[in-house]
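Now for the letters of each chain:
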Amino acid sequence: MTQRSFFGFAKPRFIYEELTDTLVTPQSVPLPSAVTLYIDKPYAQKDALTLKSGTPVKTGERLSLGDDEGPAVIATVSGTIQGLSAFTGDYGKRLTAVTIEVGKDEPAPEGFDPAAPPTLSYLKRYFTTAPGAPPLASLADSERGISKLVIYGGDADLLTHTNQYVAKTRSEALKKGIEVLQTATELDEIIMALPGETIQGHEYPGTTVINVPASYPSAQPLMVLFKTLGYTVPSDGDTTSLGVVFIRAEAVAAIGSAYLTGKLVTDKLLTIIDKQGNRCLTTARLGTPVRQILAQFKIELADGDRLIFGGPMTGSAIFTEDQSIMPDTDAIMVQDAADVSVCTDYPCINCGDCVRICPATIPVPMLVRFLEAGQYEEAADLYDLFSCVECGLCSFVCPSRIPILQYIKLGKYELAQILTVEEANE
Ligand code: SF4
Ligand code: SF4
């Protein structure tokens, strides 16, 4: 929702929408005939020997590729492994896709045990791929010196409602999750960042509750870091270098619920946004193909329509309905072909809209010129590339339809790659 100023020089405001009655009962998507889960490791043919086609698996079983302590995924269904394949995620990230044909539900006999002491290594073992994708590897990395955990109960994009819903309706699971994380991390400082009305009526023992403004992008982690907690956004955007870790409310509630019920949470809460902008909160098993979710909502794709994981500001296009929902998929948005802004060759007309709206006061037009030319280091050194909190507002308002956010993300990615190569050569 946009509020435009009467005076042309003031910034337009984008306001997070509060949950309404029509959204508060998530619609459940039936279990698909097969789910596909992703392991954070490039596919190698020898891995097909570890998780062979035909191998039975049970809900809650930890599926790793050879090394039991290495990257793994928790099976969200019982059934039979159909196969392993290579999968390329955002920015070329190489993963292994594990497809499981769904069978009769049976819990894994040797899985998560709520009576086991909740150490970080134990949580990392069972919750890394839980709904909300808790950043347990960062928390468990003793070299990072984490001193502050921030739970965010707001959503990173407009039109998405996962964390707001959790903050409003799952307070017991949240409280238990906080207690477990306090024991595991021994951190003195845990902060709950909650937007608007979500803050009322709930108390979270052991946390400091802070209110974030209702205007977008205030609830985004980097904005909370920058505007509410008063930190400078680190040059690589990695908040752990400041000793701060952000975790979604959904992830904390998933941990808490498992300790309360003894069962791992296997369903993801997400918002479906159709071509008309109608929204519906839904739950679907992690690994459900997008195709099945669209069918449930009677959404048909036509030529040129765009499928997006995430909301309208920061979402990323996906290329096939066969892709499955992941632990951090908070929304699936379908954009009508007629509304898809074709990337144009229009040049920047120096209108200044992007500068006026940028919450990080970045000289966006200059930044874009350097990024377009592939001069990433200059973009970082001279024009604040790393101060960008990736809110997408500049792209949204740009009349020349320059894909500014995509340039920024690509620039950061390229610089990170350069840094990795330099470090490897040292
Ligand atoms: S440069 Fe664009 S994406 Fe980055 S903070 Fe500014 S408005 Fe947001
Ligand atoms: S909004 Fe677009 S056209 Fe306007 S100054 Fe920024 S980059 Fe240039």
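Structure: above.
Each chain has its residues counted from 1, following the order in which its sequence is written. Going through the entries in the order they are written, you letter the chains from A and number the ligands from 1. For this predicted model, a pLDDT threshold of at least 70 governs which residues receive local features, and a threshold of 80 or more governs which side-chain atom pairs are given and counted, while totals over whole chains, interfaces and linings are taken from all residues.

A. Up close: the overall build of the protein chain. Per the convention used, a helix needs a DSSP run of H or I reaching at least four residues, while a strand needs a run of E reaching at least two, with both numbered from the N terminus. Each helix and strand in the protein chain was counted, giving 13 helices and 18 strands. Radius of gyration: over C-alpha atoms. The globule rule applied is 2.2 Å multiplied by the number of residues raised to the 0.38 power. Relative to a compact globule of 426 residues, whose C-alpha radius of gyration would be 22 Å, the protein chain shows 22 Å and is just as compact. Structurally, the protein chain occupies a C-alpha span of about 65 × 55 × 50 Å along its principal axes. Every one of the 426 residues in the protein chain was classed for burial, and the buried ones make up 42%. For the protein chain, the share of sequence-separated contacts (at least 6 apart) that also reach a separation of at least 24 residues comes to 68%. The burial label depends on the number of other C-beta atoms within 10 Å of a residue's C-beta. Counts of 20 or more mean buried, 12 or fewer mean exposed, and intermediate counts mean partly exposed, with C-beta atoms placed from the backbone. Contacts are defined on C-beta atoms placed from the backbone: any two residues whose C-beta positions lie within 7 Å are in contact.

B. Fine view of unusual backbone geometry. Across the junction of Y216 and P217, the peptide omega takes the value 5°, indicating a cis bond. Residue position: P217 is located in the loop between strand 12 (208-212) and helix 6 (221-228). The residue E390 is not glycine, and still its phi comes out positive at about 60°. Among the structural elements, E390 can be located in the loop between helix 11 (376-383) and helix 12 (393-397).

C. Spatial organisation of the site of ligand 1. A residue counts as near a molecule or strand when its C-beta atom, positioned from the backbone, falls within 6 Å of it. The environment of ligand 1 is formed by 16 residues, the closest being C358, C388, C391, L393 and C394. Looking at the shell around ligand 1, the elements that each hand over two or more residues are helix 12 and helix 13 (404-425). For the shell around ligand 1, a count of residues per class yields 14 nonpolar, 1 polar and 1 charged. Residue type decides the class: Asp, Glu, Lys and Arg count as charged, Ala, Val, Leu, Ile, Met, Phe, Trp, Tyr, Cys and Pro as nonpolar, and the leftover types, Gly among them, as polar.

D. Representation of the site of ligand 2 within the structure. Close to ligand 2 lie 15 residues; C348, C351, D353, C354 and C398 are nearest. With 3 residues, helix 10 (residues 364-372) is the single largest residue contributor to the shell around ligand 2. Within the shell around ligand 2, the residues separate by chemical class into 11 nonpolar, 3 polar and 1 charged.

E. Structural detail: the packing of helix 5 (residues 171-185) against helix 7 (residues 249-261). The convention used is that axes are lines fitted to C-alpha atoms, helices contributing only their stretch in contact, and that angles between N-to-C directions extend from 0 to 180 degrees. One way to put it is that helix 5 packs onto helix 7 with a least axis distance of 6 Å and a crossing angle of 85°. Comparing their axes, helix 7 and helix 5 come out roughly perpendicular. Mapping the contact onto sequence places E172, A173, L174, K175, K176, G177, I178, V180 and L181 in helix 5 and A249, V252, A253, I255, G256, S257, Y259 and L260 in helix 7. Of the residues that constitute the contact of helix 5 with helix 7, the class distribution is 11 nonpolar, 3 polar and 3 charged. An angle counts as roughly parallel when it lies under 35 degrees, as roughly antiparallel when it exceeds 145, as roughly perpendicular when it falls between 65 and 115, and as oblique in every other case.

F. Broad picture of the sheet that holds strand 5 (residues 56-57). Pairing between strands is defined by DSSP: at least two bridges between the two strands are required. Taken together, the 4 strands give an open sheet; going across it, the order is 4-9-8-5, and neighbouring strands pair in antiparallel fashion. Two strands in the sheet have a free side with no partner beyond their single neighbour: strand 4 (34-39) and strand 5.

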